[in-house]
Structures are given as C-alpha cells and as structure tokens.
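An overview of the molecular structure
What follows is the residue order along each chain.
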Amino acid sequence: MASLPLLPASSPKLIGIARLAADGESLRQGHDVEYFTLPVKSLLNRCTVARMPFTWTINPYRGCEFACKYCYARYTHEFMEMRDGVDFEQKIYVKQHAANLLRQELRRVKPGEEIALGTATDPYQPAERRFEVTRAILEELVRHEGLELGIITKGNLILRDLDLLKELGRRNRLFVNLTVTTLNVELARILEPRAPRPDLRMEAVHKLNQAGVAAGISCSPVIPGITDSPRDLEALVRATSEAGGKHIFANPLFLKPCSAAVFMPFLEKQFPQLAASYHERYKDRAFLPKSYGKRISDLMARLRQKYGIRHHDRENHQVSPPARVESQMNLF
C-alpha cells in the first residue's frame, strides 16, 4: 500500500519524525480519517515542563480522532511538517513495536518518577479498537512492579482492559482520570464531536472504582462562558461523587496558536456572543490571567469539600473552608 504524499516532491528533504511520518504506510481510510504506521525509536519521553506533575509520558498514537475543538496538542503534528490543525484529527499515526521499545526503556525510570499515559493523544481513541497499541503497552507494564502510573482518557473503551488495570494496580501505584468537561450531552457533542458521551465516561469511572481501580475526573479544560458556570461545575462534582470518583480537578482553557486556529473559528460560529471577549483575552497570550484560575480553583475546592472528594491523590491540596456557591457567579 502506498503512503500518503504529505508534501510536494519539490519540498526540502524531511528529517527526524517528519521523515518517519512521510514514510508511514497507509492502513485504512474512512469517515475523513486515515491511519498510518509510524516507526519510532523511542516510546518513553521525558517531560521537561516544570509545572507538570509527571516525569515521563507515553502516547501510543500521534493525532486524535475525538476532534475536541479546544485540543492543545495539535502542535504535535507540526513536528511532522503538518501545519493544518485539522490534520491532527484526520491523520492518525500508529506507533510500531511499542511494547518492545517500552521493555528496553523502562530501565531509565527511577523510583518515584511518574509515567503518564495519554498526555498528548487519547490512548483509547477509536484507533485503539483495531490496533491495540495501548493494550500492548499495558501488557508490558503489568510485568513490572513499583511503578507510578497515570492514565488520562475520554474513552470508555478503557473498560476493555479492566483485567490488566486491576493487575497493574496490585503491582504498582495506578490512578486513572476520565476527562469530562460537561455533563450536557448536546454541548459535549459540539465541543468533542467523536468522543464518547459524558454519561458513558462517568459510568466508566463507576465501574473502574467498583473493580478496585482508583479513578476520578479531569474537568479540563474549563471553557470560559461555556462550561464554567458554578451550577454546571457543581453538577459535575456531584456526579463524580455519585460515581464513586476518588478525585476531581479542573484547569482553565489555554490556547496555543495551533489550537486557536481551530477553536476561534468554531467559537465565532457556535458562540458568536463570546468571540470578541476571547479575541481580547487571548490575543497575546495562551493562558488566562491567574485570577481566573484562582476563582476556578477556589470554587472547585469548596465543591470538593461539600461532596467529600479529594483534589488528587498525588497532591497535598489544602481544601478551603465550606462556603455557599453562588449560582450566578461571573467567573470570566
């Protein structure tokens, strides 16, 4: 099978990951998504961002079919000389020989260093049903003991691997985060077109915890004016508690240029009343002011205490005293 011609023949010679991507073999095409093999030399990547709580990352795929409008990871396709942000959700690269690579690389991990699975692309996106790269990685990890492991996903397909996750949890320190940005199914379908419904993600949290796998919710990103009302955030915290979730945390939306190129046109079409405010607040920055993040953080702290949920197992978070939540509070 011929590989997809990513660049014109007259383009400069590609190197590194861009060359590997261009040489990838097309596996299947359908519903505007195409899969490619991606031969890689390393699976375990050291995280160099100081604010991140983990040391190592693993991403079984490059690109993500869930097509979340706010996704910050679209920039990863730029390393392969793909500048159109939509390529990230339509050209999915399947990493080859993942388990064998991981087996060789785990010796680099020192005690206490956390490995995060799924930081840039979802490990349980639709591609996983066919290619099972994530499952192969878990099968390798379960052979080891004493690791610190975290998984982040929107995919309820994670329940397929419940047998491995239970064994992983017995041998290692494991926690799972299901991302839920809103409980509103119609809104979720607009924001995250191909991701499982939020109720299915909540059900996955419930079943994971029932099976003894510590699981909670990542309410990230919190999208100003769209998903950040105190009433909606309280509903999410309450649902997490009812599902037996062990923790919940939230982080505000940030927009890298590659993400803004997709998100801003979407916003102008779906939420035109917010467009001017977003253009003003994000015009020369990727992050909102710290004051907005603090308001979200304080609100979540009160809600966690109200419903008896921790912030996160990894962090020593001091919860604020109980306080009444104002349903009409203006966060943005």
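The structure presented is a predicted model; accordingly, all values stated were derived computationally and were not measured.

1. What to know about the overall build of the protein chain
The secondary structure content of the protein chain amounts to twelve helices and eleven strands. The proportion of buried residues among the 332 residues of the protein chain is 52%. For the protein chain, long-range pairs separated by at least 24 residues make up 76% of all intrachain contacts whose partners lie at least 6 apart in sequence. On the protein chain, roughly 15,600 Å² of surface is accessible, and the fraction owed to carbon and sulfur atoms is 50%.

2. Some details on the environment of T134
Structurally, the position occupied by T134 is in helix α5 (residues 133-141). Given a relative accessible area of 0%, T134 falls into the buried group. Sequence separation of T134 and G118 is 16 residues, and the distance between their C-alpha atoms is 9.4 Å. Setting aside residues up to four positions removed in sequence, T134 forms contacts with P60, Y61, L117, P123, Y124 and E128.

3. Observations regarding unusual backbone geometry
A cis amide bond links S220 with the next residue in sequence, P221, at an omega value of 0°. Position of P221 among the secondary structure elements: in strand β10 (residues 215-222). Backbone geometry at A67 places phi at a positive 60°, although glycine is not the residue there. Mapped onto the fold, A67 is located in the loop between β5 (61-62) and α2 (87-90). For A67, a relative accessible area of 4% puts it in the buried group. Here H97, not a glycine, exhibits a phi torsion of approximately 55°, which is positive. Summarising the element assignment, H97 is placed in the loop between β6 (91-95) and α3 (98-105). Using a relative accessible area of 58% as the deciding quantity, one classes H97 as exposed.

4. With respect to the sheet that holds strand β7 (residues 114-117)
Strand order in the open sheet formed by seven strands is β3-β4-β7-β8-β9-β10-β11, and the pairing between neighbours is mixed. Whereas interior strands pair on both sides, the edge strands pair on one side only; in this sheet they are β3 (45-46) and β11 (248-252). Relative to β7, strand β4 (residues 56-58) is paired through three bridges, and the arrangement is parallel. Across the sheet, T57 pairs through a bridge with A116, a residue of β7.

5. Thoughts on the pairing of strand β9 (residues 173-179)
With six of seven residues buried, β9 is to be regarded as a mostly interior element. Here four bridges tie β9 to β10, and the two strands are oriented parallel to one another. In the sheet register, N177 faces β10, and the bridge partner there is G216.

6. Let's talk about the pairing of β11
Sheet faces and side chains relate simply in a regular strand, where the side chains alternate between the two faces. Relative to β11, β10 is paired through four bridges, and the arrangement is parallel. Residue pairing in the sheet places V222 in a bridge with P252 of β11. Considered for its hand, the β-α-β crossover made up of β10, helix α9 (residues 230-242) and β11 is right-handed.

7. A short note on the nonpolar core
Ranked by internal contacts, the top residues of the largest apolar core, which has 88 residues, are L138, L141, I151, L165, I226, F263 and Y278. The residues touching L165, leaving out its near neighbours within four places in the chain, are L138, I151, I158, L174, L208 and V213.

8. Side note on helix α6 (residues 162-171)
Taken residue by residue, α6 has L164, L165 and L168 as its buried positions. On an axial view of α6, the arc spanned by its buried residues comes to 100°, and they lie on one face. On its buried face, α6 is in contact with α5, β8 (148-153), β9 and α8 (198-210).

9. Some words on the packing of helix α10 (residues 257-270) against helix α11 (residues 272-282)
It is the contact of α10 with α11, at a shortest axis distance of 6 Å, that shows an interaxial angle of 150°. Regarding the angle of α10 to α11, the classification is roughly antiparallel. The two elements α10 and α11 cross, and the hand of that crossing is left-handed. Residues F263, M264, L267, E268, K269 and Q270 of α10 form the contact with α11, whose own contacting residues are P272, L274, A275, Y278, H279 and Y282.

10. Details of the packing of aromatic side chains
Throughout the structure, instances matching the rule amount to eight aromatic pairs. Ring centres 5.8 Å apart and planes at 50° place the aromatic pair F263 and F266 in the tilted group. Here F266 and F263 lie together in helix α10, a separation of three residues that amounts to about one turn. Judged by its relative accessible area of 0%, F263 falls in the buried class. In this structure F266 comes out as buried when scored by relative accessible area, which is 8%. Of the aromatic side chains, those joined through ring pairs into one cluster are F263, F266, F271, Y278 and Y282.

Rules used throughout
- Residues numbered from 1 in each chain as written.
- Predicted model: local features only at pLDDT ≥ 70, side-chain atom pairs only at ≥ 80, totals over all residues.
- Heavy atoms only, no water.
- Helix = DSSP H or I, 4+ residues; strand = E, 2+ residues; numbered from the N terminus.
- Buried < 20%, exposed > 50% of the residue type's maximum accessible area, 1.4 Å probe, protein only.
- Contact = heavy atoms within 4.5 Å.
- Areas by Shrake-Rupley, 256 points an atom, 1.4 Å probe, with all protein chains shown as cover.
- Pairing = 2+ DSSP bridges.
- Right-handed = clockwise from strand over helix to strand, strands pointing away.
- Core = buried A, V, L, I, M, F, W, Y, C linked by side-chain atoms within 4.5 Å.
- Arc of directions from axis to C-beta.
- Axes fitted to C-alpha atoms, helices over the stretch in contact; angles between N-to-C directions.
- Parallel < 35°, antiparallel > 145°, perpendicular 65-115°, else oblique.
- Left-handed = near helix turned anticlockwise from the far one by under 90°.
- Phe/Tyr/Trp six-rings, centres within 6.5 Å; stacked < 30°, edge-to-face > 60°.

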